[in-house]
Structures are given as structure tokens and as C-alpha cells.
Amino acid sequence: MAVAFVRTVSRRSRRSILSLSFHLSNPRPFPPASPIALTPKTYSGPAFAPFRGFLRPPAPCLRGPHHGLCGIPRSDDDLKLAPLAPPGDPPKKKGKSAKKKSRVDFTKVDPALLPTVILVGRPNVGKSALFNRLIRRREALVYNTPDDHVTRDIREGIAKLGDLRFRVLDSAGLETAATSGSILHRTTEMTGNVLARTKVAIFLIDVRDGLQPLDMEVGKWLRKHGHGIHTIVAMNKSESLDEQGLLTAEAGQAYTLGFGDPIAISAETGFGMAELYETLRPLLEDYMLQLPSDNHAQDVISTAVEKNRDCKSPLQLAIVGRPNVGKSTLLNALLQEERVLVGPEAGLTRDSIRAQFRFEERTVFLVDTAGWLQRSGKEKGPASLSVMQTRKNLMRAHVIAVVLDAEEIAKAKTSMKHSEVVIARQAVEEGRALVVIVNKMDLLRGKHNSILHEQVIKAVPQEIQTVLPQVTGIPVVFVSALEGRGRVAVMRQVVDTYQKWCLRLSTARLNRWLRKVMSRHSWKDQATQPKIKYFTQVKARPPTFVAFLSGKTHLADTDIRFLTKSLKEDFDLGGIPIRITQHSVPRKAELSKKSKKPSARKNVRILSEKRVALTEVVSS
């Protein structure tokens, strides 16, 4: 057996020598391989016991970057330039290059100082879908309407792309050939005004439809109005073409726009967001590094912001009402800028536009909603989405401002119609503060309308009180949004109502108030008077109170209405929905608790020994 093993080893050694000489004479590059090493475990077993003395494991075959077979250099130059790798360290695999981190920490930058990026393009190319992708929320309406525009106003949000943070603007679809005075012409003018304060523009095209003539016109419009703005071409809806391998041909067409290398993305699936990040990162970093850095000013601003957060929390105000009552005009008047599109057309606003501004050192978030229409189930397309979005914003707001039309009130001689009553009642049911704003008071001026002007001012508060009896003292403000009159009065009334909505009363103060209220109320019978142990507030926004009653008695509906009315009158809580719940404490439970107390005393007389002896002597 040993002889056979020796013959086998000799034959294999001859073959390896011949192959080694062949490869040395004809050197060829070999694919990367891991180091090969024969360990002593290879020669294990009883058959190899006689040969363990002179059989040694061969040296490991190692390859460097310029090595041939088993670490032997292919030429003399390789012998000088490529040293052998150490036997213990295997060659490192080259993986994907790690994503570079940004030089600026955008998460610590004030949102007002962040760079602005605007999304532009012709209609129905996916601008709103990309906006929702960047802000990581579904705020903008997205609907496939090739023949109509869903987005008509400029929507703003804070984009979160990796570690980048920037302000992103969603604009309406551009049509440069629109007639003067039309909705499309007004939206194009609004986009041009906003384009002046942006740093980067993302020009979206639909890669499925290919490059259209309207895309070329939008490119010319950008060159004319976007001086000094870096434009990035993004080929949206590229997820299907990436699988078919047709992106190269479409990218060739996008080069003709003249804005550099296009990026293939998909706003719906998130494809290409890494390439968009690598393109935006150097542009946004350069902008932030060019800003003047004043650490002391930033510290002062940060401390002021922290104080404002502690004492004055942000206020959410939603402006709702029927179509064409002046909601968008009122928002522009409060912001003192042309923020949203206005016009005589009814139903012009489709998206709920959110804007931020400061009033008397308080941050206020304004939401302009679409015209409230009673949902009948027959709405289709953007109209149904607008109704759903309006209801959603009604749930998020702190204060609801219901806008009425003064001219319609004077003609119809009724202040609130059915749809407006539905809005107010739903706001009260959700526990939101309510403010009524009567707009278009400028139309009731003059000698002929002076009587109507006085009648509207007197009749509206009275009629609102009869329509909404569950909320008393609803504040009413008369304004003219077109002329900007009443803007400060509206905001002061809104802030005052919000402070009442956040009011908290101490338990001691409420119990003192309760004793006075119960004493001044005329009860038919003292037995019917509810026995309230104590009264406390458990929640604010809206104010919620709990009345603890002794025994199994409960407050009647009339008693709850009496307490609610007294609270609103004594603590000036007009226009605020108040909730009162009751909790009864059974008397049996009270007795059982008293019996379990260790400190309870029993009237038991215990005689001492001396007293017992004294009584015995007396008795004898």
C-alpha cells in the first residue's frame, strides 16, 4: 500500500510541474481567488503514519494584485512593484462605495434658513407624487387627469432625503401658451414669482410619453425666468423602463433640453432617490456654507425659540366655508402676500394649502381648505379627494374659522345655510374652538346698503346662537378680506379663543365656584338637589370636567346644561365646547373603606383593675 501511495504522489508531482512550466511560459490573468493552504489535517489517517516524518504541508498559494499563479510574479517589473501578501491576511473584497455624509448637519438648521427647491414641469408628470415622496406624507392631491390640473397653488413642505433637509415647493403644471387671464396663465405667473426665491429647480418629464413639445417650451421658460438657478432634469416614471433597459435611449432625448445629465427616478416607487441625493448634496452644501455664520445670533434665536415653545405653543387655524365666500382671499390678507390663487371662479381651490407665519411672537399655521360641499357619494376625481382632505384638516385644527358671505346673508336674510351649519356642528362635536368670520362687508357700503349693513351686524350673532344652542357666545368678526380690513381683529379673536380652549382651572377654584352656583340655583325640592362631592378638570383642549357624586344619584340633562352655562358665563368661555362627565361613588364602598381604616375609634369602655376593686368594695 505504501508503494502505491509513492507512485501516486510521483505521478501528481510530474503533472503539476508540467502545468507550472506551461503557465510560466504563457502567463495569463487569473480570476481573484482566496488563499489556498494545505493543512496537516489533509494527511491524517493510519495509512499515512509511516510518512509523517518527511511529508510537510506545502506553502500557501497567495496572489497579490499583480501576481500570477501561486504568488509568482508575471514579469520582472511585477517582482519590484508587487510584494507578496502576508500569508495570514486574505485579500479584501471590494464592495460598494459607502455613501458620503454631508458636510453640513441640516437637521440642526433653522427651517427658515434651509435652501429652497422647486418642482416644475408640464401637467401630469408626477410633481405632487414626488413632493409627497420627499416630505414622507400624503399631503398633495395626486390624481391622473391628463386634461385637467389638480394642483393650482404653491404647496410648501420640509423635504427629508437621507440626511438632507430643504424646503420643497410643489407648483402647478406649466402651460406657457395659456390665454391671458385664464387659470393656467395665473398659475404660471405665480410659479414665476416663486421661482425668484429658489436655489434649485427639479425639471420633471414623463419618460413614458417621451420628450413632448410642451417640455421644450417649459425648458425655454426656465431659461428665461430662472437666471442663476441650477436646474436638474428628472425622468419620472422610469421604473418600467429600467426593467426593459430603455433608459439609455430616453436619456438621449432628455439631453436635448440642455440642462446636463438627466436622472432616472420614480416618485411612486422611490427608484433613483439615491442618485437624486448625490446630485443635490453638493449644491445644498455649497449654499449653506456660503451663509454668514454667527454662532451668537444662532444661540439667541435658539433660546428665544425654546422660550416661545414653552409659553406659546403653535396654533393650528383652519379656514372653512362654502365655495366662493373668500377663504383664499382671507388667507392672502392674513399672510399679506399672494400665497394662493384667487379669482371669481367657484371651486378654484382644490388642495388644502398650509402656510406658516408669526403673529405677536406666536407661530400660526394657516390651512386654506377647498369649498365645503355636502358629500353625496356622486363626486368623482379631484372633487371627492378635496372633500376628504377638508374633513381631515378639520380634525387636525385647533380653531375653526367659518367664513360667511355678507352679501348672500343680506339677500337671503339667513346667516347660515345647511352646509355651514354642518361645518359648525361637526367642529363642536370634535371639540374644536369656533370663530365665525363674515366676509365681503365692503359690498354693503353706501347710502342704499347702510340699513342692510346694520341689520347683518345685529342679526348674525342672534341667528348663530339659535342655530347652535350647544355652544354659547360664539365670537363673530366682520371683515373685508379684499381690502385687508379686519385682519388684526381676526387674529386677536382667534388667539383669544385658542387661549380659552387651552384653559386649565384648579380644583380648589372650581369647588369654590360650585358652592356659589349650587347656592344661587333655585331647586324645587332639597331632596332632588344632586349631592356633588367635588368638581375637577381632567383635561384641556377642550376643557373637560368630572363631577363626583355621592350615592347612586346622577345629574340630569338639565343640571348638566345649567353647569355648562354657568361655567361659560363665570369664566368667559364663549365659543368653546365644554364637556362634563359624572362619576358616582357608592355609599357601601365608602362604609367599607371607613371600616378598613386602622385609625377608626370604637366607643368601648375598658375598666382598670383599681376601678374594678373599688366597685366591688362599694357593692359589699
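The present account deals with the structure reproduced in this document. (Residues numbered from 1 in each chain as written. Predicted model: local features only at pLDDT ≥ 70, side-chain atom pairs only at ≥ 80, totals over all residues. Heavy atoms only, no water.)

### Comments concerning the overall build of the chain
Line of reasoning, step 1. Along the chain, the regular secondary structure elements total 19 helices and 15 strands.
Line of reasoning, step 2. Split into buried and exposed, the 620 residues of the chain put 41% on the buried side.
Line of reasoning, step 3. Surface summary for the chain: the accessible area is close to 36,600 Å², and the carbon and sulfur share equals 54%. (Helix = DSSP H or I, 4+ residues; strand = E, 2+ residues; numbered from the N terminus. Buried < 20%, exposed > 50% of the residue type's maximum accessible area, 1.4 Å probe, protein only. Areas by Shrake-Rupley, 256 points an atom, 1.4 Å probe, with all protein chains shown as cover.)

### A short note on the pairing of strand β13 (residues 532–539)
Line of reasoning, step 1. In this structure, β13 lies alongside strand β14 (residues 544–550), joined through six bridges in antiparallel fashion. Among the inter-strand pairings, Gln537 is bridged to a residue of β14, identified as Phe545.
Line of reasoning, step 2. Joining the antiparallel neighbours β13 and β14 is a turn of four residues, in which Arg541 adopts a positive phi near 60°. (Pairing = 2+ DSSP bridges.)

### Examining the pattern of salt bridges
Line of reasoning, step 1. Scanning the entire structure with this criterion turns up 24 salt bridges.
Line of reasoning, step 2. Between Asp351 and Arg155 there is a salt bridge whose closest N-O contact spans 3.5 Å. One end of the pair, Asp351, is in the loop between α10 (327–335) and β8 (353–358); the other, Arg155, is in strand β2 (residues 155–161), and 196 residues separate them in sequence. Neither Asp351 nor Arg155 differs from the other in exposure class; each is buried.
Line of reasoning, step 3. The salt bridge partner of Lys237 is Asp206, with a shortest N-O separation of 3.2 Å. With Lys237 in the loop between β5 (230–236) and α6 (239–244) and Asp206 in strand β4 (residues 200–206), this pair connects stretches of sequence that are 31 residues apart.
Line of reasoning, step 4. One continuous salt-bridge network, built from bridges that share partners, spans Arg103, Glu278, Arg281, Glu285 and Asp286. (Salt bridge = Lys/Arg side-chain N within 4 Å of Asp/Glu carboxyl O.)

### Describing the side chain of Thr349
Line of reasoning, step 1. Position of Thr349 relative to the elements: it lies in the loop between α10 and β8.
Line of reasoning, step 2. A distance of 2.9 Å separates a polar atom in the side chain of Thr349 from a polar atom in the side chain of Ser328. (Polar contact = N/O pair within 3.5 Å; in protein donor to acceptor, adjacent residues only side chain to side chain.)

### A closer look at helix α15 (residues 487–501)
Line of reasoning, step 1. Between its terminal C-alpha atoms α15 stretches 21 Å, which fits the 21 Å expected from 15 residues at 1.5 Å a residue.
Line of reasoning, step 2. Residues Val490, Met491, Val494, Val495, Thr497, Tyr498, Lys500 and Trp501 constitute the buried set of α15. (Expected span 1.5 Å × (residues − 1).)

### Section: the sheet that holds strand β11 (residues 433–439)
Line of reasoning, step 1. Taken in spatial order, the six strands of this open sheet run β8-β9-β7-β10-β11-β12, and their pairing is mixed. Each edge of the sheet is formed by a strand with only one pairing partner; in this case those strands are β8 and β12 (476–478). The average angle at which neighbouring strand axes cross in this sheet is 25°, direction not considered.
Line of reasoning, step 2. Both β8 and strand β9 (residues 363–368) contribute to a ladder of six bridges, which runs antiparallel. Along β9, the bridge assignment pairs Gln356 with Phe365. (Axes fitted to C-alpha atoms, helices over the stretch in contact; angles between N-to-C directions.)

### So, a positive patch on the surface
Line of reasoning, step 1. On the surface, Arg138, Arg354, Lys392 and Arg396 cluster together into a patch of positive charge.
Line of reasoning, step 2. Structurally, the position occupied by Arg396 is in helix α11 (residues 382–396). (Patch = residues over 30% accessible without salt bridge, like charges linked within 9 Å, V, L, I, M, F, W, Y side chains within 5 Å. Lys, Arg positive; Asp, Glu negative; His and termini not counted. Charge placed at Lys NZ, Arg CZ, Asp CG, Glu CD.)

### Notes on the environment of Gly121
Line of reasoning, step 1. Summarising the element assignment, Gly121 is placed in the loop between β1 (116–120) and α3 (127–135).
Line of reasoning, step 2. Sequence separation between Gly121 and Val233 is 112 residues; the distance between their C-alpha atoms is 9.8 Å.

### Here we look at the packing of helix α16 (residues 507–520) against helix α17 (residues 557–571)
Line of reasoning, step 1. Remark: α16 packs on α17, axes separated minimally by 11 Å, with the N-to-C direction vectors making an angle of 115°. Once α16 is placed against α17, the crossing between them reads as right-handed. Between α16, through Arg509, Leu510, Trp513, Leu514, Val517 and Arg520, and α17, the contact on the second element is made entirely by Phe562, Leu563, Ser566, Leu567, Asp570 and Phe571.
Line of reasoning, step 2. Residues of the contact of α16 with α17, tallied by class, amount to eight nonpolar, one polar and three charged. (Left-handed = near helix turned anticlockwise from the far one by under 90°. Contact = heavy atoms within 4.5 Å. Nonpolar A, V, L, I, M, F, W, Y, C, P; charged D, E, K, R; others polar.)

### Some remarks on the packing of aromatic side chains
Geometry of an aromatic ring pair is reported as the spacing of the ring centres plus the angle between the planes.
Line of reasoning, step 1. Taken as a whole and assessed by the stated rule, the structure comprises six aromatic pairs.
Line of reasoning, step 2. With 6.1 Å between their ring centres and 90° between their planes, Phe203 and Phe259 make a pair best called edge-to-face. Here Phe203, found in strand β4, pairs with Phe259, found in the loop between α7 (247–254) and β6 (263–264); they are 56 residues apart in sequence, far enough to count as distant. Exposure class is identical for Phe203 and Phe259. Each is buried.
Line of reasoning, step 3. Residues Tyr534 and Phe548 carry aromatic rings whose centres are separated by 4.5 Å and whose planes lie at 20° to one another, so their mutual orientation is stacked. Separated by 14 residues along the polypeptide, Tyr534 in strand β13 and Phe548 in strand β14 bring together distant segments of the chain.
Line of reasoning, step 4. The class of Tyr534 is partly exposed, set by a relative accessible area of 36%.
Line of reasoning, step 5. With a relative accessible area of 17%, Phe548 lands in the buried category.
Line of reasoning, step 6. Residue placement shows Arg223 over the ring face of Phe259; its charged tip is 4.6 Å from the ring centre. (Phe/Tyr/Trp six-rings, centres within 6.5 Å; stacked < 30°, edge-to-face > 60°. Lys NZ or Arg CZ within 6 Å of the ring centre and 35° of its normal.)

### Considerations on the sheet that holds strand β3 (residues 164–170)
Line of reasoning, step 1. Taken together, the six strands give an open sheet; going across it, the order is β2-β3-β1-β4-β5-β6, and neighbouring strands pair in mixed fashion. Strands at the two margins of the open sheet, each flanked by one partner only, are β2 and β6.
Line of reasoning, step 2. Helix-sheet contacts for helix α5 (residues 213–225) involve β1, β4 and β5, and the interaxial angle to β4 is about 170°.

### Some remarks on the pairing of β9
Line of reasoning, step 1. Buried residues dominate β9, accounting for six of its six residues.
Line of reasoning, step 2. Both faces of β9 are covered, namely the face carrying Thr363, Phe365 and Val367 and the face carrying Val364, Leu366 and Asp368.
Line of reasoning, step 3. As paired elements, strand β7 (residues 315–321) and β9 share five bridges and run parallel to each other. Note that in β9 the partner of Leu315 across the bridge is Val364.
Line of reasoning, step 4. Where β8 folds back on β9, the antiparallel hairpin that results is connected by four residues, among which Glu360 adopts a positive phi of roughly 55°.

### Describing the side chain of Glu239
Line of reasoning, step 1. In this fold, Glu239 is placed in helix α6.
Line of reasoning, step 2. Among the polar contacts made by the side chain of Glu239, one reaches the side chain of Arg208 at a distance of 2.6 Å.
Line of reasoning, step 3. A distance of 2.6 Å separates the side chain of Glu239 from the side chain of Ser266, its partner in a polar contact.
Line of reasoning, step 4. In contact with Glu239, not counting residues within four places along its chain, are Arg208, Ser266, Glu268 and Thr269.

### Remarks on the environment of Val387
Line of reasoning, step 1. By the secondary structure assignment, Val387 is in helix α11.
Line of reasoning, step 2. Residues Val387 and Ala370, 17 residues apart in the sequence, show an inter-C-alpha distance of 7.3 Å.

### Some details on α17
Line of reasoning, step 1. Look at α17: 21 Å from first C-alpha to last across 15 residues, which is about the 21 Å you get at 1.5 Å a residue.
Line of reasoning, step 2. Buried within α17 are the following residues: Asp559, Leu563, Thr564, Ser566, Leu567, Lys568 and Phe571.
Line of reasoning, step 3. Elements in contact with the buried residues of α17: α16, β13, β14 and β15 (579–585).
Line of reasoning, step 4. Where α17 ends, the next residue or the one after it, Asp572, has phi of about 55°, a positive value.

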